Every structure is written in C-alpha cells, then in structure tokens.
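Secondary and tertiary structure notes
The residues making up each chain are set out below.
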Number of protein chains: 8
Amino acid sequence: MNNPQVGIIMGSDSDLPVMQAAADFLKAASVSFEIKVVSAHRTPLRMVEYAQSASDRGLKVIIAGAGGAAHLPGMVASITNLPVIGVPVKSSNSIDGWDSILSILQMPNGIPVATVALNGSKNAGILACRILATNDDALADYLQNYQEEMKTAVLQKSRNVEGKFS
Amino acid sequence: MNNPQVGIIMGSDSDLPVMQAAADFLKAASVSFEIKVVSAHRTPLRMVEYAQSASDRGLKVIIAGAGGAAHLPGMVASITNLPVIGVPVKSSNSIDGWDSILSILQMPNGIPVATVALNGSKNAGILACRILATNDDALADYLQNYQEEMKTAVLQKSRNVEGKFS
Amino acid sequence: MNNPQVGIIMGSDSDLPVMQAAADFLKAASVSFEIKVVSAHRTPLRMVEYAQSASDRGLKVIIAGAGGAAHLPGMVASITNLPVIGVPVKSSNSIDGWDSILSILQMPNGIPVATVALNGSKNAGILACRILATNDDALADYLQNYQEEMKTAVLQKSRNVEGKFS
Amino acid sequence: MNNPQVGIIMGSDSDLPVMQAAADFLKAASVSFEIKVVSAHRTPLRMVEYAQSASDRGLKVIIAGAGGAAHLPGMVASITNLPVIGVPVKSSNSIDGWDSILSILQMPNGIPVATVALNGSKNAGILACRILATNDDALADYLQNYQEEMKTAVLQKSRNVEGKFS
Amino acid sequence: MNNPQVGIIMGSDSDLPVMQAAADFLKAASVSFEIKVVSAHRTPLRMVEYAQSASDRGLKVIIAGAGGAAHLPGMVASITNLPVIGVPVKSSNSIDGWDSILSILQMPNGIPVATVALNGSKNAGILACRILATNDDALADYLQNYQEEMKTAVLQKSRNVEGKFS
Amino acid sequence: MNNPQVGIIMGSDSDLPVMQAAADFLKAASVSFEIKVVSAHRTPLRMVEYAQSASDRGLKVIIAGAGGAAHLPGMVASITNLPVIGVPVKSSNSIDGWDSILSILQMPNGIPVATVALNGSKNAGILACRILATNDDALADYLQNYQEEMKTAVLQKSRNVEGKFS
Amino acid sequence: MNNPQVGIIMGSDSDLPVMQAAADFLKAASVSFEIKVVSAHRTPLRMVEYAQSASDRGLKVIIAGAGGAAHLPGMVASITNLPVIGVPVKSSNSIDGWDSILSILQMPNGIPVATVALNGSKNAGILACRILATNDDALADYLQNYQEEMKTAVLQKSRNVEGKFS
Amino acid sequence: MNNPQVGIIMGSDSDLPVMQAAADFLKAASVSFEIKVVSAHRTPLRMVEYAQSASDRGLKVIIAGAGGAAHLPGMVASITNLPVIGVPVKSSNSIDGWDSILSILQMPNGIPVATVALNGSKNAGILACRILATNDDALADYLQNYQEEMKTAVLQKSRNVEGKFS
C-alpha cells in the first residue's frame, strides 16, 4: 500500500484485536493507511522518529491506540502537528479502562488529542475519514452513504423487534 | 466574519468563559469562525437545522461544548458528516466533570466525536487548526511556529525555576 | 396492539434483552404499548419525528433505553412534554454503566428524565404504570396487588432460608 | 393550600435551598402542593405514615429529596404506589454526590424511583407537572409554553454571544 | 435455636450465599442467632416491626446485608437502638458494589451503621462477637484463639511459599 | 477521667476538628473516654502497644480516625479483639475521601473494622454507646431519649419549612 | 539463597500468582531475594519484626504486595528506612482494585511507598533492580540489555502486524 | 550545585509549589540535586535528551512531577534505567487528581515508575534519600533521625490533644 494517508499505530500487538476495526473501515473506504506497533515506553526513540517524519512521509492523520498509562497518542501529538486520534484500549490490567481514557484525554493546553470512546477504534477510522473528507468529496459521499446504511439497518432491526411483540 | 470555516457552538451562554479560548486561538490563527448558543435540549430543532446546514454553509469543522448530560456534540455528529470536536464543560452541577466527559466521549460505533480534555476548549481550537492544516500550508506553518513558542516559553520558565535554587 | 399508551424505544436491538422486562410488565398489567428501535445517533430525524408525534398519537408515557453516551431519553424529553423514563443499559463497551447512567441522569434544568437503575427496565414498566394509575383505579389496584405478591414471596423465601438453619 | 396534588418532602431542612426550586416551579404552574421535612432516619414512623396516607389524602405525585445515604425516596416508594420522584441532594459530607445518587437510583426490581439529576429539584417539579399533565390539558399547555420560552431565551443568549465576536 | 443474641437479616434470599459466612462464624463461636429475609422495599412494615421488637426479643446485635440501593441496615438502625452491622452485598445489577457500599456507609449524623467490607459477612459475624465479647469472657477467649489460629495458618502458608523458591 | 471505657485515637492532631464530635457525644452521654494521637505510620510501635494493652486497661471500644492511606483502624483491630470503630477522615490531600474510606472499610476476612461515614465521628460516638448499651440499661435509655429528641427537632423544622410556604 | 538483597513479602499466599513475576525477574537478573507471607492483619507482630530486622539482615529493598485494605507496604515502610515498593493486588473481593491502590499509594508525608501498577509485580522486580543498579554496574548493564530486548521484540511484533495488512 | 545526585523535573512551572517540598527535603538532607522544567508535551526532545544523559551526568535518581495526562515520569523511565519517582500533581483542570495518578501509576510491564501520593513530593524526596541511603550510611542515619523526630512530634501533639480533654 503506497502513499498512506493515515498511520495506525498501537502500543502493543495485543491491541490489534481492538485496532483492527480502524483498519477495516479505512480499507472499506478506500483510504490508504499503514499500520505498525510503536511503543511509547518500549521504543521511545522509534516513536519520536515516527512522529517527526509523519508529515513529510505524506501522512495526514495518525490514529494511535494504547492501554493503561497510555502515553502514545499524546506523545506523538506533541512531536507532530498532524491531527492525532487517540483510542483508549481496555487492556488486561487496566482499571476498567479509566487509566487508558484519562491518560489519553486529559492533555494539557497546547497539545490536543482527538479522543474516541474506550475501544472505539472503528470510530477512529470514521473520524479520520471525516477529517480527510473535508477536502475529498468522494470520501464525503462515502460517509454520507455509510450514514444512510446505518439508518436503513436500524429500521430493519426495529421491524424485527416490533414483529416479536405484534 | 464571512465564510466561517469553523463553527463554535455551546449548550448555554454560561459555557462561554470556557469556550472563549477556542475562539481566541482561531482568531489568533486567522481562521474564520462563527459562534452561537445551540442547546440540544432547549432548542433541539435549531440544533438539527444547524447540523444539517453546516456543510452546505461551508463549515469544515464544528467545535461543540456542553456540560452535564452533554448531548450537543454527539447529536450534531449524528446529523452532519463534518468532524465534530467535543469539549466537556465542568458546569455548576456537574459531578466533577465525569458526566460531561462520558456523555461526549462514549459515542457508539458509527458516530465519532473528537473529545478533548475537560474544559479543554483551547485544545479544541488547536485541533480544528490541525485538521484544516492538512490542506493549508500556511496554517501548518502557524502551528509549527506555535509549537516552537511553547518550547521557548518552557525553557525560560525552567531558567526561572533553576534560578530560585542556585 | 391499537392505541398504545406507552411507547418503549431503545437505541439498538442489542438493548432488547434488557428492555424486554418493561414490555413484559406492561403486558401483564394489560397496558397497551408499542416497541421500536429508535437510535438518537443513527436515526436522529426518526427520533425527532417520534418525539414530536408521540402525544398526538395518544402516548402518555415514553420509556427510552440506551447505553454508552445515551442521548435517546434526554433528546426525546427535549422534544415532547410527555413524561420520559430513561433506562441506562450496560452495553458491551460501557464503562461499568457509568456512562449510560450519567448521560441519562444529569439533564440540565428544564428537561427532566425520570431515570431508573442500571438495566432497570422492569422498574421503568412499573413506573409507567404508577404514572398511568394516577388516573386509572383498576391499574392502581393491579399495582397494589403486585406489591402484596412481592411481600408474600419474601415471606415464603424467608421461611426457606430460616428452614436451612433450624 | 388545600387539596395538594404534589407532596414535596425532604430529609432535612438543610435540603430546602435545593428543594425550593421544585416548589417554585409548581407554584408558577398553579399546581397545588404541600412541603414537609420527613426524615427516613430520624422520623421513620412519620415517614411510614406519610407514605401510607399519601394516596388517600389526594396526592398524585411525591417529590422526595435527600442526601448522603438517601433512603427517603426509595422507602416512600416502597409503601405507596404513587409515582415518587427522587432528588439526590449534594449534602455537606456527601462524597461528591455519588452517595446520594446511587442510594436513590439503584432501587431493586419492583420499587421504582424516578431519579433526576444531582440537586435537580427544578426538574423534579417539571417532571411532576408532566405526569399530572397526562390528564390535564391546561397544564400540558403550560409546559408547552414553558418549553417555548426556554427556546426564546436561548436565541436571545445566542445573539448576545454572537454580538461579542462580531 | 432459642433466645438468639444476634439477628441476621438480608434483603433477598439471593444474598444468602454471601450472608452464610456470618451465620457460620456465629455457629462456630456458639453464639445463638436467627436468620430471616426482611426486605426494606418489598416488606417495609415487616422491617419496621422487626426493628421495633428486636431489643425486647433479646437481640443484642443485628447484622443486615443488602445490595444496590441498600436501605435495610440504615432503616433498621433508625428504628432500633441496638448496634447494627451493615454488609454491602455486590448484587447482580450493582455498579461494582459502589451503590451497596455508599447507601449503607454514608448514614447521616444520629444513626450509625457499622459497615464492613463489600461481601464481608464473615467479618460481620466476627464483629458481632467482638461486641458481645465486651461482656462475655469465654467469647473473648474464643476470639483470641481464633486470632492465634489465623497467625498459625499464615506461618504455614509462608513456609509453603518459601519452599517453592528454595 | 479515670477508667475510660472508650479510647479515641487519631492519626494526626489535624484530625481533631473531625474527631471532636465523638468525644462530645460520649461526654454528653457520661461515657468515660480517653483521647490520644496515635499514628500508625509515625509511631508504629506506640500503636502496637496501645492496641495490645487496650483490653487490659479496661477499654471496651476503640474509635480510630485517620485519613488518606488510613491504616490505624485496621492495624489496631488486628492486634486487639475489642470492637474497633473506624472514622474515615477527609484530609487535605485526600482524593475526595475515597482513599480514607477504602483503606478503612475493605479489611480482609478475619479482622473487622466497624466503619462509619466520611467524617462521621459523631456516629462513631453513638455507635460506641450502642455497643456499651447492650449491657448498660441507663445508657440504652439515654440513646432512646436522644432518638426522641431528634424526632422532635425534625417536627419543629418541618413546621418552620411548612410555614414558609403557607 | 543466602544474603538476600531483596525481600518479597505478600499479605496472603493467594497473592503468589501475582507476586511470582517479581521473583522471576530478580532470579533472571541474578539478584538474591527471599520470599515470605507476612500479613499486616493476621500477623502484625511478625510484620513488625520483619521490618525492624530487614536492614540488619542485609536487605536493601523490600517488595510488598497486598490487596483490599492493603496496609502491608505502608506499615513496613513506617518501621524500616529501606525503600519499600508496594504492589497493589486485585484480590477477589477488591472493588476493581481501587482499594488496593489507594491504601498503598496515599501514604502521608514522612513515609513513602514506591507504588507500581495494579498487579504490577514484574515492574516491582525491575524497580528493585534499578535501585540496586545505582551501585551495581553489572546489574545496570543487565537492565540496559533487557531494555534493548524489549525494543527488539516490539520491532518483530510490528513486522508481524504489518505483514497481516500488506 | 555541582554533581547533583537527584534530578527534580516538572512538567510546568505551575507545579513548583507542589514540587518545592522534594527540593526542601533533599536540601535539608544535604543531598545534591538539580531542578528543571522539562515538559513531555511542550519540549519532547529536551525530555529525551534529559533522560538519555541523566546517568552519564551522574544522577542516581530522578523525581518527576506532572499533572493531568502526566506522561513525564513514564516517558523518562522508558529512556533511562535510573529509578524514576513519579509525583502526581493535582493541576487546575485535573479531574480530582485521578488523571495524574493513573497516567503515572499504570505503567506497562517493563517500565516501572515509583509512584507516590497525589501532591506527595515530600515523600518523593524521602524516597530518593532511602534509595541513595542503601549505599550511604550517613544518609541512612539522617533518615533514622528524621523518623525519630516525627515520633517525638506526634507524642507532643498527643499531649496537647489530651490536655484539651483533661
């Protein structure tokens, strides 16, 4: 996959089952992406290099997922000026996900991270598309169509539920 | 201010002291914006209209701040396909801000909100700029410069602190 | 089922296992109801229409269940003037239910939601009956009888427990 | 005030500054009410008598406010079959209001309490009106009008905010 | 079992698996007790009668276990003057036990409940014995002996652990 | 004051404003007590000696207050077999009192602490009296009378509140 | 194992599955250690003796793990002057680990405990090595090498993840 | 101050009022230290350089304080192999300190941070001394003496408290 527009990184390969949904959405939307394991704590210099080179390599958006004391999204956002989307991952020793959420969300003034819901990597993928779609009409149409499909699916599900009580 | 690129909305005018920082950052960065009170609960249809027309009116990003059971960011994000940045506001009867944070952050799959820190409206302004800067080199330079200034300020502050102990 | 008095709506068909108990109680109490999937986020305009037409269609009470950033009960309550009962559902990625509870409970002044316990849809059904019973003596008798049956069941259970230790 | 339709009770006279807003709304809506201090813990038998006689005395709805280990709303709801609205009060030694909220909200199956937001007694008053309005068209009109006024107030506030940035 | 000194009550027979440990400890310590299901919410008047008659029937201590919005211990303590030990039970829809703990622990001034750990009914049994032992030397000796046995068990367990690493 | 029946200890003299209420209640009830600063962390051996000698010195009940990582009540309860009442104190760097509560309440099986509400030292005094009153009829009468006075005070306060709305 | 440098203690043998990782790391790093069950609550005097003699027996660092109201690390730190590392263990009746964390972390001024993550005993082992390595160059080299190995492992895992998407 | 043994760093000069206590303790103990503002987010590369050079410059221990999404302690610990002590600072927009605590404490396996209490910088200073004292007998004596002084102070305070009640 050449010229990726979105970089998906995660602190550990154990985050892949959660982060997969971001990749899947981007793939379905025909948005090019790369995916890597970049650990803030185990590979700090690799993380610095990744963030420093991201814009020059053509990335437009970075999606970073991590759990526990999740420093990856915020640290990457402190080095690049690209929009960084943070995905709090509920890892095995997480305290119900609170640690992941708070250490991604509560960034100080000056360095924003666009945080999505706990384990919400699908929404990270959609948000990346919404960002890219501000200058890509075809992608905007794709998102519009996706929203219509969600609506249709709800209506079908409603009919199913209604049918059980009629 | 014509042709605003960013729409700043808030659930109540009591949110203005918090939301002001987003407007200030955008103004300093020469990004055009509009600012309104749009209440999800007191003016639901106005909110629907605002979100429905946002893209056609030329908005690229929406910043929505709200407190308590903060539905404004998520509801707007469900109607438009623009990237929506949510600012959890710690309002007077908020439970330490947890209600604002969770009702903005924990959106279901399909409808992302880019959530920033509690009362983090300055970061919402910066994030809006990072999004716009993916297609605006001058704005990207502005952000780069802003980051440099933050660095310089820290170095000066460090010298002050060091001076007190030498 | 014609002329329903109570509308049961839920944000997703995955909420049905929880919301079923409300329907079951209403059915046992011979209170007419309708049941639908109405998503605040996936079908926002359908939600608006549902709430706008509720009173004219003869509904007296609305029970709305949702999980995560649960906006359905509060948004419906902002459009209709009927009493709205909110059921926080502990959905799969919920943070122990706190997100569901706080985004339903912490409504701003002006727009109340009658919130019941986490997953407490049976109580939502009973509360709807208590509301209707303020003008329906037969239903009031039904509730009185139901309360007596609970008492009798406790006494029987107590005898069972006592028997294990005598 | 004869023949009150709504009973407002509170666990302590220190809850009055919070509970006043319920009374104010009912008064403005011309709904008759009574107001008393009834402590679940300091006057348990008085509480039992109050709940037992409530329906016979003509009350249609009970609003009960309490803080800390707030047992008043739930206990009253266990004795009467009227709809009981619970107002969690953030009292002086409350743990940020969590104790009040959870001990009112998390009622077991069989005994619902319609819980409103922390210190949300105004919404308790409005909810009582919504309940009564299911059989009182004039009151329904009053609520409709109140909702319109909220909308108008938001629009005016929005113009004020917009004016500061134009 | 005649002349019980300790009354064990619980809000539901589903609490028995937790509350059993209190009974077991009392039995082992040869302290007479009775055990019943007494629900604050489903049998409020039975609860009042139980608390009113407790002292006259010779009870010295009451152990009350309940989950969720757990009103039983506090309500009983408001009617009797006996020491009441509250056991927060983590019931099925409990929010991680916080609701049970806070609605038992956070009693207002004037009405104490001696709260033990979540699901800590064994400690409730021991605490009841410590209270009775203030006037029962044989029971005090029993407790002393129990404490010695715990110490011995720890030493044995330590040897086992040490053995695995030697 | 000779032959104290109750020992009041606290981890720091900064806890005295909170712990004073326990002493005041005991004094009013004519129950003899002693009061000391005994720090689990700053004077661990003094704490051990205090707990070891408590019963021999004639103490019947110990009230221990502490804040933050509050180890004093639990440690004393592990050395003596007297009933120990724990008062969680909300100290200056406490995290809203959660640390004090959890480190006192959540004792392991075998070592109970009778925990009262945050800053609830008055209730600790009352609970100590309830324990002593299991063998002191005069004290039981005092408590009965105290409960009656609380009831009378509530009735007077209710009349005051009612008067404001008549 | 003679002349242990590190003492690993835990409040219960049920903590061993968690605490094992500390021992494993020390063993791999060729750091001598001892391991024991020392309960603050079930063997308080043994705990005192352990802490009092630790330095004289040649220990340099103590690792103490405990769950619930976890007093062991703090109490040991109050008696010895050695650095004490606290491991909060998520025991069976723990409230999601909050009790363990707060009762270890929130020590008062004067008595520090070096707290690691919930169940983070491996990090306790590494931290003990970092402390010892301040005067042990070989151990410092070992840690440096360990860090390199972590980096290499991440790179390999990244290649695996990348391979799934190429 | 030449050849500092301890490096004190903080994310912002607004952390100085909290972090001062660490410096004060080290100064009183005659332990050499340096103090700087090093922001993980505003000066990420400065932070990397600081951590990379720390050991070579002769530092033995690093104390790092930060608030909100506090990445400084963990990031420094990922680059150096020195023991790093983390001080969670309750900054102005912190959510009661939970964000600071969790983002410092919950480090993944491999990278430990020795976390002290919220705002517990004095304990960070003492812990640094305990670490250094493992190879510095004079410092160990200083700590021993400090502990004795704390004990003496408690005894004096106890006499003052006792005096108020005699």
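Residues numbered from 1 in each chain as written. Chains lettered and ligands numbered in written order. Predicted model: local features only at pLDDT ≥ 70, side-chain atom pairs only at ≥ 80, totals over all residues. Heavy atoms only, no water.

Next up on the list: the relation of the copies chain B and chain A. Both copies of the chain are related through a single rotation about an axis accompanied by a shift along the same axis. For the pair chain B and chain A, the relating rotation is 180°, the translation along its axis is 0.0 Å, and the fit reaches an RMSD of 0.0 Å. These values place the two chain copies in the arrangement generated by a two-fold rotation axis. Of the residues that chain B buries at the interface, 100% are likewise interface residues in chain A, meaning the two copies contact each other through the same surface. (Least-squares fit on C-alpha atoms with pLDDT ≥ 70 in both. Contact = heavy atoms within 4.5 Å.)

In this assembly, 39 residues from chain B lie in contact with 39 residues from chain A. In total, about 3,400 Å² of surface goes out of reach between chain B and chain A, with carbon and sulfur atoms giving 56% of it. On the chain B side of the interface with chain A, the three residues burying the most area are Asn 81, Pro 112 and Arg 130 of chain B, jointly 22% of the side's total. Summed over the shared surface of chain B and chain A, the number is 0 salt bridges. The interface formed by chain B and chain A contains 23 residue pairs in polar contact (both at pLDDT 80 or more). (Buried area = accessible area lost by both parts, 1.4 Å probe. Salt bridge = Lys/Arg side-chain N within 4 Å of Asp/Glu carboxyl O. Polar contact = N/O pair within 3.5 Å; in protein donor to acceptor, adjacent residues only side chain to side chain.)

All names here are of chain A. In terms of domains, chain A is made up of domain 1 (6–135) and domain 2 (140–166). Opposite the 8 residues of domain 1 that make contact, domain 2 presents 5 residues. Contact with domain 2 buries surface across domain 1, with Phe 25, Arg 130 and Ala 133 losing the most and accounting together for 54% of the total. Our enumeration of links across domain 1 and domain 2 arrives at 0 salt bridges. The interface formed by domain 1 and domain 2 contains 2 residue pairs in polar contact (both at pLDDT 80 or more). (Domains from an automatic or database assignment.)

What follows concerns the environment of Ala 64 of chain E. Residues and elements named next belong to chain E. As for its position among the elements, Ala 64 is in strand β3 (residues 61–67). Look at Ala 64 and you get buried, because its relative accessible area is 0%. Setting aside anything within four residues of it in sequence, one finds Ala 64 in contact with Ile 9, Met 19, Leu 72, Pro 73, Ile 85, Gly 86 and Val 87. (Helix = DSSP H or I, 4+ residues; strand = E, 2+ residues; numbered from the N terminus. Buried < 20%, exposed > 50% of the residue type's maximum accessible area, 1.4 Å probe, protein only.)

Here we take up the pairing of strand β2 (residues 33–37) of chain A. In regular strands, side chains alternate between the two faces of the sheet. Residues and elements named next belong to chain A. The buried count for β2 comes to 4 of 5 residues, which makes it a mostly enclosed element. Relative to β2, strand β1 (residues 6–10) runs parallel, the two sharing 5 bridges. Bridged to Val 6 within β2 is Phe 33. A crossover connection joins β1 to the parallel β2 through helix α1 (residues 16–28); in handedness this β-α-β unit is right-handed. (Pairing = 2+ DSSP bridges. Right-handed = clockwise from strand over helix to strand, strands pointing away.)

Another point: the environment of Ile 9 of chain D. The residue Ile 9 of chain D is located in strand β1 (residues 6–10) in this model. Look past the residues within four positions of Ile 9 of chain D in its chain and what remains in contact with it is Met 19, Lys 36, Val 38, Tyr 50, Ile 62, Ile 63, Ala 64, Gly 65, Leu 72 and Val 76 of chain D.

A word on the side chain of Thr 134 of chain E. Note that Thr 134 of chain E resides in the loop between α5 (121–133) and α6 (137–165). Thr 134 of chain E sits in the buried class, given a relative accessible area of 9%.

Here the focus is the arrangement of the chains. No part of chain A reaches chain D; the closest C-alpha pair between them is 17 Å apart. Left apart from each other, chain D and chain G have a closest C-alpha approach of 16 Å.

This part takes up the relation of the copies chain F and chain G. At an RMSD of 0.0 Å, chain F and chain G line up after a rotation of 180° and a shift of 0.0 Å along the axis. The fraction of interface residues of chain F whose copies in chain G are also interface residues reaches 100%, indicating that both copies meet through the same surface.

What follows concerns the packing of aromatic side chains. Note on aromatic pairs: each is described by the distance of the centres and the angle between the planes. By the definition in use, this model includes 28 aromatic pairs over all chains. Measuring from ring centre to ring centre gives 5.1 Å for Trp 98 of chain C and Trp 98 of chain D, while their planes differ by 70°; the resulting arrangement is edge-to-face. With Trp 98 of chain C in helix α4 (residues 98–105) and Trp 98 of chain D in helix α4 (residues 98–105), this residue pair bridges two chains. Comparing Trp 98 of chain C with Trp 98 of chain D shows no difference in burial state: the two are buried. On the numbers, 6.2 Å between centres and 75° between planes, the contact of Phe 25 of chain D with Tyr 142 of chain D is edge-to-face. With Phe 25 of chain D in helix α1 (residues 16–28) and Tyr 142 of chain D in helix α6 (residues 137–165), this pair connects stretches of sequence that are 117 residues apart. Taking the relative accessible area as the measure of exposure, Tyr 142 of chain D reaches 27% and is therefore partly exposed. Taken together through their ring pairs, the aromatic side chains of Phe 25, Tyr 142 and Tyr 146 of chain A make up a single cluster. (Phe/Tyr/Trp six-rings, centres within 6.5 Å; stacked < 30°, edge-to-face > 60°.)

Another aspect to go through is the interface of chain F and chain G. Counting residues at the interface gives 28 residues for chain F and 28 residues for chain G. In this assembly, chain F and chain G are joined by 0 salt bridges. Along the contact surface separating chain F from chain G lie 10 residue pairs in polar contact (both at pLDDT 80 or more). Listed by contribution, the elements that provide at least two residues to the side of chain F that touches chain G are α2 (44–54), α3 (72–79) and α4 (98–105) of chain F. When its residues are assigned to classes, the side of chain F that touches chain G shows 15 nonpolar, 11 polar and 2 charged. (Nonpolar A, V, L, I, M, F, W, Y, C, P; charged D, E, K, R; others polar.)

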